[in-house]
Amino acid sequence: MAMVCLSDFEAYAKKYLPKIAWDYFAAGADDCTTRDENILAYKRIRFRPRMLRDVSVMNIRTKILGSEISFPVGIAPTGFHQLAWPDGEKSTARAARAMHTCYIASTYSTCTLEEISAAAPSGLRWFQLYIHRNRTASQQLVRRAEALGFQGLVLTADLPYTGKRRDDVRNGFRLPPHMKVKNLEGAFEVCKMNDWSEYGLPPNSLDPSVTWNDIYWLQSLTRLPIIIKGILTREDAELAVRHGVQGIIVSNHGGRQLDEGPATIDALVEVVEAVRGRVEVYVDGGIRKGSDVLKALALGAKCVFIGRPALWGLAYKGEEGLQDVLRILQDEFRLSMALAG
């Protein structure tokens, strides 16, 4: 079938991925209200197009934290890419490099930071961090990422505990035996096979005591710019600026954490107003078309990041499929810009 838009890749992934993998990627928390609202909120926003504006030449490049990317769409951190494609995150890194954009590699990758780095040595990569109770393991990850040339550290702030994703509970989701959370191998005592493992790690391994003061701890470990992901309110945006972060990703974890919070595109406006240009603001969640990218930029985002659509691209044809997804978004974004004047 011709792959014309992102929903074609979604349909393909749903048809061909094992059910347990599809359900893991698709899952939202509880009733999935927020997951679905992320998409619906974009559909309620309308353009006010301007005419006769000479759109014969358009530049869709932008910079994020000083690094140029070919268009304002990067790849959000998501876990377990080998569930979608055998080469996993290595394919993701190569696709991002080929499309000259940013890839945020997850703590919960099924390839090591070293493998991701070697797959696309010249690519623009940031590293997403979860802070675990084993602080030494988190500290080592930050230092490894910096030594390997990752250019930003993305702290995910909205996961003190894992949200209740009903399908994962019903399916008794486990990583297949041949897959591991590669970056944290050896960081925890090995779970007995009959233990309920929390997404490949021992239960309760995340540190729920993390506070704003831990930004200072991270700043003491690294010279990398710190971007905080998971901000949804004016109050937290102001705290982020006060604590010296360089960027904010407005995110509700794809609707996988607290259900019935705001759609990210709605929260974006409040965050942008609070920040007043002092740090860069990005957004993820619900982006499915090039026109969604334009809406996010019009409302103040510097760049958007895609999560699930990147995984659908991998499920279709690995690196090549993910490039196809990015290329479609790029073409749609350019066309939307032109038609909106």
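Cut-offs used in this document
Throughout, a residue's number is its position along its own chain's written sequence, starting from 1. Only residues with pLDDT of 70 or above have their local features reported here, since the model is predicted, and side-chain atom pairs are shown and tallied only from 80 upward, although totals for entire chains, interfaces and linings are computed over all residues. By convention in this description, side-chain values take in all heavy atoms of the structure and omit both hydrogens and water. UniProt positions are given in the numbering used here, feature names are shortened, and annotations may be inferred rather than shown by experiment. Note on terminology: a nonpolar core comprises buried Ala, Val, Leu, Ile, Met, Phe, Trp, Tyr and Cys residues joined through side-chain atoms within 4.5 Å. Per-residue accessibility, obtained with a 1.4 Å probe over protein chains only, is compared with the maximum for each type, and a residue is labelled buried under 20%, exposed over 50%, and partly exposed between these values. Only DSSP runs of H or I reaching four residues or more are called helices, and only runs of E reaching two or more are called strands; each is numbered from the N terminus. Between two residues, a contact is recorded if the distance between any of their heavy atoms is within 4.5 Å. Multiply 1.5 Å by the residue count of a helix minus one, and that product is the helix's expected span. Starting at the helix axis, one direction is taken to each C-beta atom, and the arc is that of these directions.

- The name an unreviewed UniProt entry assigns to the protein is (S)-2-hydroxy-acid oxidase, from the organism Elachura formosa.
- What UniProt states about the protein under its Sequence similarities (unreviewed entry) heading is, verbatim, "Belongs to the FMN-dependent alpha-hydroxy acid dehydrogenase family."
- Annotation of the protein in UniProt includes, under Cofactor (unreviewed entry), the sentence "FMN".

## Let's talk about the nonpolar core
- Phe 80, Leu 83, Leu 129, Leu 218 and Ile 248 are the most contacted members of the largest nonpolar core, which has 94 residues in total.
- Element by element, the count of residues in this core is highest for helix 12 (residues 308-340), at 12 residues.
- Setting aside residues up to four positions removed in sequence, Ile 248 forms contacts with Ile 227, Ile 228, Ile 231, Ala 237, Ala 240, Val 271, Val 275, Val 279, Glu 280, Val 281 and Tyr 282.
- If you look at the next biggest cluster of nonpolar residues, it comprises 13 residues, including Ile 69, Trp 126, Tyr 282 and Phe 305.

## Here we look at helix 10 (residues 264-275)
- The end-to-end C-alpha distance of helix 10, which contains 12 residues, comes to 16 Å, matching closely the 16 Å that a straight helix rising 1.5 Å per residue would cover.
- Restricting attention to buried positions, one finds in helix 10 the residues Thr 264, Ile 265, Ala 267, Leu 268, Val 271, Ala 274 and Val 275. The arc that holds every buried residue of helix 10, seen down its axis, measures 160°, which confines them to one face.
- In this fold, the buried residues of helix 10 make contact with helix 3 (33-43), strand 7 (226-231), helix 9 (234-242), strand 8 (247-250), strand 9 (280-284) and helix 11 (290-298).
- Arg 276 sits one or two positions beyond helix 10 and adopts a positive phi of about 50°.

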